[in-house]
Amino acid sequence: MKKVLPVLVLAAIGMLLVLTVAEMPTFGDGQAPAHRGVMDKYLRDSAQDTGAINTIAAIILDYRAYDTLGEATVLFVAVLAVSAALYQGEHHA
Amino acid sequence: MFMFLQTPVLAVIIPMVLFAVIYLVERRSWRLRNALAVLAPLISFLLLLGSYPQVIAGERVFIEFPAILPPLGMSFSIDYLSLLVGLVVSFVWLLVTIYATEYMVKEHAKNRYYPFSTLTLAGTMGVILSGDLFTFFLFFELMSLSAYVLIVHEETPEAMRAGYKYLVLTIAGGLALFFATIAVFEIAGTVSFAPGGFIAEVSGLAIMAFYAFLIGFGIKAGIVPLHVWLPEAHPVAPSPASALLSGVMLKTGAYGMIRVVFNVFGYEGIRGAGLDNSMLVLAAITIFLGSAVAISQEDIKRRLAYSSVGQMGYILLGIGLLQERALIGAIFHIFAHAVMKSSLFLAAGAVIHKTGKRRISEWNGLGQEMTVTMLVFTVAALSMVGIPPLVGFVSKWELALGSLDAGNWGFVLLLLLSSMMNFIYYFPLIQNTLFGKQQAAEGQASNSPELPWKMLAPMVVLALIIVLIDLFPQNPALDLAKRAAGALFLGVH
Amino acid sequence: MSMEILERLYGNIYYLTSVILFVIGFHTMLTHRNLIKKLMALNIMDTAIFLFFVAIGYRQGGQAPILLPGVTSFVNPVPSALILTGIVISVSFTAFALALVVLLYKHYGTLDSDEIIAIRGKKHV
Amino acid sequence: MFSLTHAPILMVVILLTAAFIVPLLRKHLLVAKALFLGAGLLVTILSFLVAWNVLENGTMVYNVGGWAAPHGIALVVDAFAAYVSLVISVISLVIFWFAVFAPREVKHEVGYYALILLLTAAMHGIVMAGDIFNLFVFVEISSLAAVAIIAVKGTKESIEASFRYLILSALGSGGLLFSIALLFMVTGHLNMDLMRQTLEVTAGQYPLNVLTALAFMVVGLGVKSALFPLHIWLPDAHANAPTASSALLSGLVVKVYIVALMRIAYMTLGMELFYLLPIRQILLVMASLAIVAGSVFAIVQDNIKRLLAFSTVAQVGYIFLGFSLLSARAVEGAVWHILIHAIMKTLLFLAVGVVIHQSGYKKISQLHGLGRRMPLTFACITLGALSMVGIPGTAGFISKLYLALGALDAGQAIFAVLILLSSLLSAVYYFPLIITAYFGHDASPTVVEPSLAVQLPLVVLAIAVLFYGLMPSILLPLVRQTALLITR
């Protein structure tokens with residue numbers, strides 16, 4: 001039982017995922033829905049808006065800087081968590 | 001603001017406030033505590049008595065606070081039925097509390113008994129004076145939960161076990177009521193008691209709601225097979241608390257059933273859907289089993305508890321027959337049984353208090369030592385059996401006539417059979433106590449007075465009511481019961 | 001019908017690969033008892049998702065989204081930007097998890113999840 | 001007249017800034033504590049103002065950095081966000097107070113405060129997010145911080161529990177990210193509102209994609225919010241954490257993930273799409289199982305904190321049930337329950353923590369007579385327990401009333417019965433706690449009450465339990481508007 005259950009779960013998930021992949025827009029299709037949303041604006045305006053020619057940098061550091069703040073915070077949480085968990089009291093520190 | 005100052009609200013609020021006051025003063029002065037505890041039911045009684053002329057004149061007192069817990073509100077009302085039951089409840093409570101001030105002297109944790117007795121009174125008055133199902137439910141929960149504290153008062157392991165059983169069942173009952181209440185709200189958009197009922201069509205959900213009501217009230221009233229908590233809880237509670245439980249609180253179940261049948265569903269709807277049959281079957285089983293099991297009980301309080309089960313069956317029978325005269329019997333029996341059963345429990349409590357004898361076989365010859373107590377016991381027991389001029393006879397007579405109106409001979413026979421069984425379990429007891437030989441252990445200091453007056457007086461008052469009330473030219477309780485039943489049947493206030 | 005699905009799968013081979021990677025990671029997660037291996041499995045799954053996400057951004061003939069003169073066709077920059085954040089998050093999780101593994105080893109003297117549960121269970125009873 | 005435009009982002013930023021500074025103040029503990037409490041208080045005031053503003057002027061949209069929606073990240077503070085934000089800030093302020101004044105349970109004190117601040121900031125960030133990836137980032141911050149505040153206790157059990165929580169939580173995050181990828185694939189947007197508009201067109205084209213995305217999202221956030229078969233991490237984690245952490249985790253964190261799921265459901269997909277798929281039925285079944293199983297497991301617990309943790313599993317079921325019944329009153333009930341369960345569970349965890357610290361007893365069967373030794377604390381516990389059972393007059397009754405009415409409105413009387421059944425079960429496991437403490441023999445004459453500063457949070461929460469039980473109409477407008485958002 002303990003061996004069969006994971007296999008069944010995996011088979012179900014794998015089946016679902018493979019069917020989903022078959023339904024997805026074709027890889028590399030320039031007209032796929034993913035490229036019809038915000039992308040154009042970024043590519044068109046980022047240079048004037050932010051002065052960065054690297055659009056990815058423009059997105060990370062400017063348009064979506066709030067996410068980057070969150071990203072830095074996650075790192076901070078991890079550092080704090082590790083130090084707090086490993087902390088053994090004054091005399092060790 | 002002055003809406004709060006109306007009689008039905010005050011009769012509920014004042015005991016609630018006194019609960020807090022008693023809790024605050026009880027460590028300073030036990031005299032003040034006792035006085036306040038007696039004051040609470042007295043005030044409620046007087047307030048209701050004050051509205052007697054108004055209600056008799058045909059006016060229904062009704063106060064509403066619509067926006068308390070949106071979408072549901074709260075409301076209070078006094079009509080014939082709630083006036084009668086309210087008067088009985090507060091009066092019995094008054095007497096029992098006076099009795100308790102002496103009885104509880106021997107007990108521990110008195111500072112817990114009085115506040116919670118007062119709080120339970122507030123809940124009970126709220127149940128009786130509520131003007132809609134939701135208010136009814138709220139106070140029903142308050143009453144049931146605070147009564148738990150009274151039941152487990154002695155904190156013995158048996159008391160805790162019985163109390164836990166009571167608690168779980170009472171919460172189950174409360175939830176059944178809650179479900180039924182919101183189901184009614186869902187069906188009709190209102191939960192206000194209305195003359196003649198307000199559920200136009202008895203749908204599937206309405207039938208579910210009815211059975212939920214039956215379960216909820218059945219648990220409280222001790223209807224077989226939902227009575228299991230009752231014979232456990234009564235013996236372990238202190239005697240005044242058992243008197244209140246049996247004499248007063250069980251009646252709220254019956255009272256609620258009357259409200260549901262006549263003011264929520266309407267008796268024609270109930271009859272049309274055939275729901276009365278389930279009540280009748282349960283009533284018959286309850287009457288028979290309650291009386292039969294009582295015979296075999298050795299512990300006096302257990303015997304009285306089973307007897308209460310049987311008597312609640314009478315009331316349910318009176319409701320389920322859906323006949324005016326049967327309903328008169330049921331309503332009057334609420335009054336009669338309250339008076340009889342509380343005097344029985346008080347008398348039994350007096351014996352236990354004085355001698356510690358709980359087993360019936362130990363009671364032989366007690367009549368010589370505690371003459372007045374045993375006379376009270378005798379009168380009440382004879383009334384339970386249904387000997388003519390006493391109150392117990394009146395309700396049985398009306399019930400029997402109601403059964404005949406319904407064209408059902410079987411129930412008359414059942415009533416007779418049950419009376420026989422009552423006779424079987426009360427009469428030998430009376431005979432032995434009054435005329436039997438006292439067992440050994442003579443020579444106790446019997447020159448001291450039988451009991452303090454605070455214990456004696458309430459019992460004597462109750463006994464006098466049992467004997468005298470039907471000898472009056474006009475029996476006021478029966479009069480109110482007739483008016484109440486008439487109003488419920490005509491579909492007017 | 002099934003031919004068509006196969007063709008589409010072949011066309012989406014990058015997606016398919018990441019999905020397979022995901023399932024491999026999940027399988028490892030479910031079946032292996034060593035805590036370090038579980039963490040590795042977790043990272044494989046995360047990587048699979050990153051691969052998948054970045055693959056969404058690819059456009060036929062597109063170049064890196066650096067706006068140099070003369071380049072007109074770019075890949076979608078959004079997934080790349082998001083995944084940078086995702087990677088940092090995954091790293092943070094792994095770092096903390098490894099710290100916990102160290103502590104667990106100190107307390108229980110083993111890295112086998114079943115053994116840890118057994119030790120803890122005994123204490124409970 | 002100052003403007004509230006920046007208030008939403010300020011709430012997050014104030015907490016984050018405080019969190020960055022507090023760990024530096026190890027030598028100045030008093031300053032650190034003052035900063036910790038001050039940040040909490042400031043955010044509470046802001047959240048009141050924001051809630052008031054939302055009620056007066058409708059939804060607030062804030063564009064971070066001045067970049068309007070499709071480009072930048074928007075914070076959308078609608079009635080739901082304002083309401084949950086209010087709940088988070090008030091309850092967390094009470095917990096902050098407790099963490100400062102209660103006896104120390106963790107070694108790295110300033111680190112603990114900072115982690116709590118980060119967790120709170122992340123929760124505010126989650127409920128106000130208007131951008132799905134931003135939501136994901138804050139979910140990650142809160143997941144990591146939530147694990148950390150368990151692990152800081154440093155006992156064997158807490159490390160083991162937090163590791164398990166971390167692994168499952170990371171799995172959940174993976175699921176969430178994957179579903180975001182799938183949704184981005186078919187929409188090209190990250191802003192939730194624009195996603196919905198695009199999905200109205202493209203969802204029909206890629207049904208399986210959307211279904212898979214939904215499945216991964218429900219499972220991902222379901223793990224984090226302990227939806228029934230995915231709850232296995234919760235009892236150990238919540239029972240072995242420091243007191244303040246348990247309260248924070250059980251009272252708020254678990255619910256914030258439900259809020260996140262519901263916000264994604266109505267903002268990104270639209271409820272029609274969300275419930276077009278069989279997800280509603282699945283959620284109903286899971287919620288029912290959660291209610292029953294949580295209660296049944298709670299009954300057999302003797303360890304009080306484990307009992308409370310299992311009760312959380314059941315209560316999470318209530319909230320899911322209300323949202324998936326989808327009648328106006330049921331949703332109102334679920335929204336109420338977010339607040340009310342936060343109040344009661346926080347109260348119970350804090351009070352039980354106090355009892356455990358003062359007496360050393362962790363089991364119900366050991367509590368004999370403590371009701372007389374610690375009257376105020378046990379009065380609070382009694383109120384909390386009565387409220388958990390749903391006795392009228394306490395706050396718990398309100399959500400029970402709305403949920404049951406809502407179930408009937410939805411024509412599903414069976415769920416009303418289920419809610420009431422679970423209420424009975426909670427009576428079975430909560431009442432022994434009170435009964436043992438007040439009645440029966442008196443076994444621990446030496447136990448005393450803690451200082452008043454420690455009891456203050458308990459009293460405040462107990463008053464809140466009574467207050468919302470007796471006059472719920474104060475918050476009703478906000479609750480109504482939230483329900484409208486979801487059921488419209």
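Residues numbered from 1 in each chain as written. Chains lettered and ligands numbered in written order. Predicted model: local features only at pLDDT ≥ 70, side-chain atom pairs only at ≥ 80, totals over all residues. Heavy atoms only, no water.

## Examining the overall build of chain B
1) Next: When its secondary structure is counted, chain B shows 20 helices and two strands.
2) Next: Relative to a compact globule of 493 residues, whose C-alpha radius of gyration would be 23 Å, chain B shows 21 Å and is just as compact.
3) Next: Going through the 493 residues of chain B one by one, you find that 63% of them count as buried.
4) Next: Contacts in chain B between residues far apart in sequence, at least 24 positions, make up 80% of those at least 6 positions apart.
5) Next: Positive and negative side-chain charges in chain B, numbering 28 and 27 respectively, have mean positions lying 8 Å apart. (Helix = DSSP H or I, 4+ residues; strand = E, 2+ residues; numbered from the N terminus. Rg over C-alpha atoms; globule rule 2.2 N^0.38 Å. Buried < 20%, exposed > 50% of the residue type's maximum accessible area, 1.4 Å probe, protein only. Contact = heavy atoms within 4.5 Å. Lys, Arg positive; Asp, Glu negative; His and termini not counted. Charge placed at Lys NZ, Arg CZ, Asp CG, Glu CD.)

## Details of the packing of helix H2 (residues 30–50) of chain B against helix H5 (residues 110–129) of chain B
All names here are of chain B.
1) Next: Viewed as axis vectors pointing N to C, H2 and H5 meet at an angle of 10 degrees, and their least axial separation amounts to 9 Å. Taken together, the axis directions place H2 and H5 in an arrangement best described as roughly parallel. Residue-level inspection shows Arg33, Asn34, Ala37, Ala40, Pro41, Ser44 and Leu48 of H2 in contact with H5, the latter providing Lys110, Asn111, Tyr114, Thr118, Leu121, Met125 and Leu129.
2) Next: Counted by class, the contact of H2 with H5 contains eight nonpolar, four polar and two charged residues. (Axes fitted to C-alpha atoms, helices over the stretch in contact; angles between N-to-C directions. Parallel < 35°, antiparallel > 145°, perpendicular 65-115°, else oblique. Nonpolar A, V, L, I, M, F, W, Y, C, P; charged D, E, K, R; others polar.)

## Section: the arrangement of the chains
1) Next: Ranking the four pairs of chains in contact by contact count places chains A and D at the top.
2) Next: You won't find any contact between chain A and chain B; their C-alpha atoms come no closer than 40 Å.
3) Next: Separated in space, chain B and chain C share no contact, their closest pair of C-alpha atoms being 27 Å apart.

## Section: the environment of D:Pro278
All names here are of chain D.
1) Next: Take Pro278: it is sitting in the loop between helix H11 (271–276) and helix H12 (279–299).
2) Next: On the basis of relative accessible area, Pro278 is assigned to the partly exposed category, the value being 49%.
3) Next: Sequence separation between Pro278 and Tyr112 is 166 residues, and the spatial gap between their C-alpha atoms is 42 Å.

## Overview of unusual backbone geometry
All names here are of chain B.
1) Next: Pro225 follows Val224 through a cis peptide bond whose omega is 5 degrees.
2) Next: For Glu155, which is not a glycine, the phi torsion comes out positive at approximately 60 degrees.
3) Next: Structurally, Glu155 can be placed in the loop between helix H6 (133–151) and helix H7 (157–188).
4) Next: Residue Glu155 is classed as buried on the basis of its relative accessible area, which comes to 14%.

Nothing here speaks to function; it is all geometry.
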